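# Survey of secondary and tertiary structure
Here is what each chain is made of, one letter per residue.
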Amino acid sequence: MEPLDLVLRICGIICSQASFKRGIREILALVGEALSLEGICLFMPGQVYLWPEGLDSNSYKKALEGEKEEFEIFTLLHGNEPRGDLVVKKRELSPNDRLLLQVVTGQVDQFLRNLQSKRELKMGSRLLLDLYSAGRELGSTLDREEMGEKLAHFAKRFSKASYVSVTLFDTQGHRTYGVRETKDKGDLIRYYSEDLFKRWVVSLESPKGNWGVIELYLPKRTSFNRYQKRVIHILAELAGTFLENIALYERLKGLVDERERQIRFLSILYQVGNAYRMTSELRKRALLALRALTDPQKGLGLPQAFLFLHYSSTGCLKGFIGISWFGLSPWGDREWEIEEEYLKRVESSPAFRDIREVSLPDYLLKELEKGEALHLSNVAKDLPFCEGGVFHVALPLMGEKTLVGALVVGKSASLEAEEMQFLTMFSHQLALALESGRLQETLKRTSEDLEDAQERLFHSEKLATLGELAARVAHDLKNPLVAIGGFAKRLHDKMAEDCPDKVYTKTILKEVEEAEKILSNVLGYSKVPRLKKRLTDINALLDDVLFLHAEELRDRNIIVVKKLDRALPPVYVDPPQIRQVFMNLISNALQAIGRKGSITVSTSRAVKQGGEMVRVEVSDTGGGIPEKDLSNIFNPFFTTKSTGTGLGLSIAKRIAELHGGKIEVVNNPPVGVTFLIFLPLEGEGKECPR
Ligand code: ADP
């Protein structure tokens, strides 16, 4: 074969053969046959290729070590670096053969280079494809947790490590997420502790920081190849960039969320502020405030909120109303409104809490008076309404000068700084709304009192003349009446027991006694009594009055129902005067009831005219008062009875008012009538002398 043909055929093998082993065998055979060699061996690190098949390579190897007889060696150079030796055996090599063999070693080196380039090209495109698919997947999420999982998955797939662990950090460098991928973690831990595994750590970095690490574990004797190392490094860089994006996105989202929350807070303040203007009624404003705090749609959506009001007369923070819901919100999806039927529905829902019996302890009051909000983590035992598992905060409601009330709110997690800020603004707004509500109520009451006073003045001017006349007549009649009574008594005593005329003297005596009673009533009315107040048990006074009438009640079969609140505190009143009021009401009831009926007497606590009061009710089944008489019954001298003076109710009214209280009538014809007496609770907390 011509040398040129040989070189061309070797070129053909280099271009077409993908396997070095097979290619080199073909080349050695071609060269061996073309140059009629005895044998030819190619020594590469860790590998020997030979021709013809079955050749004993030992003598060729020895030639390399120096015993070169009959052998010639051609070194395979890669640049200047030797990378193998071609050893040939022939009795004699011509210079042309030598030249040809030098060319062949150059071609073998070329063959090796070609194959290496092809492999690199293949690895490069695989790397690209793998990283492309990983990049697409990693870039498709803005969720840190999902990113961790995906990263672990790809790191394991590309590296073929036995175990992969990914740990991610947030912007503050706190560990936020760790994900592991392993088939058998128990085994791994054992292997690692027995030093059978080694660990490779790659950090996930970007120019802006370090976002986490990938840890890869593999058996001690194995190692990652070039491809695996490169792909993991590039994957880590890629992940670093994506994690930086996530951190950026989280910061942006945080800013947007904060903005949205601020807008929501402002809108609640605006809307509830508008709603307060719909009413000046304390109860309605309080309900609006609780809605702003607890409605999940229109308000803050807190599960608990309680309102306490400060009473300067008693100096304590008393419960008013509260909402506590954990399942269904009581507010529904109605607009802001104060329609009575809607509010009543809320008040009768299971979420509504009537906390009028609850007061905030003094030490809390003192703290709140300083104007600071308080976290109530350790005081739940003092506040029975504060259910467990909820974080509570008490906020003072500071009016212009003093504490108007307090809010206690609860949330299942602790309140955030922005929420506290909102609650502080909300409390200022509510304090003003409550204070102005109270002022408006006082104003309304004062103007009503003024109207009343005007009417009374007008009336009393009319009645004064009549009253004076009555008092003078009563006074003038008193002496003759005493004389008539005295003489009648003497006559009566002198008459024999069996004298038939004795019945006349007896009648004279009874009528005189009745007339004296009337006169003393008339005289009593014309005098304004000076009150001698002391702490008095109202229930005991009522018991006394009923006891005085016990005989008559029994004789006439009248049923007495007592519903007395025995926990009632003592009231600061003039006992004989108040007894007079009860006497008048009970005797009116007795007179109204004909043959059969009942009288119900009850006592309770109530809020009236913006203050704490005791309420006494006297009801009867005497048929009620005709509509036309109703407006006159409290007028002096108005009576529908033949023997009445018309002074009983007007005296009762005057006594109640002198005590700072009130008397009201609820007419319920044809059943009967109820009189309500309200007396202020001034000296609450003091002991009642018995
Ligand atoms: P008197 O009892 O002397 O008539 P009052 O001032 O006590 O004077 O009562 C005025 C009027 O009010 C009575 O005459 C009666 O018409 C009406 N009245 C008072 N209490 C009752 C009652 N319990 N039921 C029906 N009418 C009543």
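Residues numbered from 1 in each chain as written. Predicted model: local features only at pLDDT ≥ 70, side-chain atom pairs only at ≥ 80, totals over all residues. Heavy atoms only, no water.

## Focus: the packing of aromatic side chains
Evaluated as defined, the whole model comprises nine aromatic pairs. Members of the aromatic cluster, joined through ring pairs, are F20, Y49 and F111. Looking at R126, its charged tip hangs above the ring of Y227, at a distance of 4.2 Å from the centre. Above the plane of the ring of F678 lies K608, whose end atom (NZ or CZ) is 4.9 Å from the centre. (Phe/Tyr/Trp six-rings, centres within 6.5 Å; stacked < 30°, edge-to-face > 60°. Lys NZ or Arg CZ within 6 Å of the ring centre and 35° of its normal.)

## Observations concerning the site of the ligand
In the neighbourhood of the ligand, 19 residues make up the surrounding shell, with N588, T639, T640, K641 and L649 lying closest. Interatomic distance of 2.9 Å between a side-chain N/O atom of D620 and a nitrogen atom of the ligand. The side chain of K641 places a nitrogen or oxygen atom 2.7 Å from an oxygen atom of the ligand. Protein contacts shield 92% of the accessible area of the ligand, which totals 530 Å² for the unbound molecule. Contributions of two or more residues to the shell around the ligand are made by helix 15 (575-592), helix 17 (648-658) and strand 21 (672-680). Looking at the shell around the ligand, the element that brings in the most residues is helix 15, giving three residues. (Near = heavy atom within 4 Å. Polar contact = N/O pair within 3.5 Å; in protein donor to acceptor, adjacent residues only side chain to side chain. Areas by Shrake-Rupley, 256 points an atom, 1.4 Å probe, with all protein chains shown as cover. Helix = DSSP H or I, 4+ residues; strand = E, 2+ residues; numbered from the N terminus.)

## A closer look at helix 1 (residues 3-16)
With 14 residues, helix 1 extends 20 Å between its outermost C-alpha atoms, agreeing within 8% with the 20 Å of an ideal straight helix rising 1.5 Å per residue. Along helix 1, the residues classified as buried are L6, I10, I13 and I14. Axial view of helix 1: buried residues confined to an arc of 100°, hence all on one face. Pointing more than 90 degrees away from the buried face of helix 1 are the exposed residues L4, L8, C15 and S16. (Expected span 1.5 Å × (residues − 1). Buried < 20%, exposed > 50% of the residue type's maximum accessible area, 1.4 Å probe, protein only. Arc of directions from axis to C-beta.)

## So, the environment of L469
Among the secondary structure elements, L469 is positioned in helix 11 (residues 417-494). Along the sequence, L469 and H310 sit 159 residues apart, while their C-alpha atoms lie 50 Å from each other.

## Structural notes on the nonpolar core
Within the largest apolar cluster, 47 residues are counted, with the highest numbers of intra-cluster contacts made by L307, V409, F422, L423, F426 and L430. Taken together, the elements giving at least two residues each to this core come down to helix 7 (226-276), helix 8 (282-294), strand 9 (304-311), strand 10 (316-324), helix 9 (340-347), strand 13 (391-398), strand 14 (403-411) and helix 11. Membership of the second largest hydrophobic core comes to 46 residues, among which are I578, L590, V616 and F634. (Core = buried A, V, L, I, M, F, W, Y, C linked by side-chain atoms within 4.5 Å.)

## Description of the pattern of salt bridges
Inspection of the entire model under this criterion finds 41 salt bridges. Here E38 and K89 are joined by a salt bridge, their closest N and O atoms 3.7 Å apart. Of this pair, E38 sits in the loop between helix 2 (20-34) and strand 1 (39-44) while K89 sits in strand 4 (residues 81-89), placing them 51 residues apart in sequence. Residue K89 is classed as buried on the basis of its relative accessible area, which comes to 17%. (Salt bridge = Lys/Arg side-chain N within 4 Å of Asp/Glu carboxyl O.)

## Description of the sheet that holds strand 19 (residues 611-620)
Strand order in the open sheet formed by five strands is 16-18-19-21-20, and the pairing between neighbours is mixed. Two strands close off the open sheet at either side, each with one partner strand: strand 16 (559-563) and strand 20 (662-668). Adjacent strand axes in the sheet meet at a mean angle of 20° when their direction is disregarded. Sheet topology note: the strand 18 (residues 598-608)/strand 19 ladder contains 10 bridges and is antiparallel. (Pairing = 2+ DSSP bridges. Axes fitted to C-alpha atoms, helices over the stretch in contact; angles between N-to-C directions.)

## Observations concerning the confidence of the model for the chain
Confidence in the prediction of the chain, expressed as mean pLDDT, is 87, and 93% of residues score 70 or more. Across the chain, strand 21 holds the top mean pLDDT of 96, while helix 6 (residues 185-193) sits lowest at 67. Within the model, the stretch residues 685-690 combines pLDDT values under 50 with 10 contacts to residues more than four positions away or in other chains. (pLDDT = per-residue confidence, 0-100. Contact = heavy atoms within 4.5 Å.)

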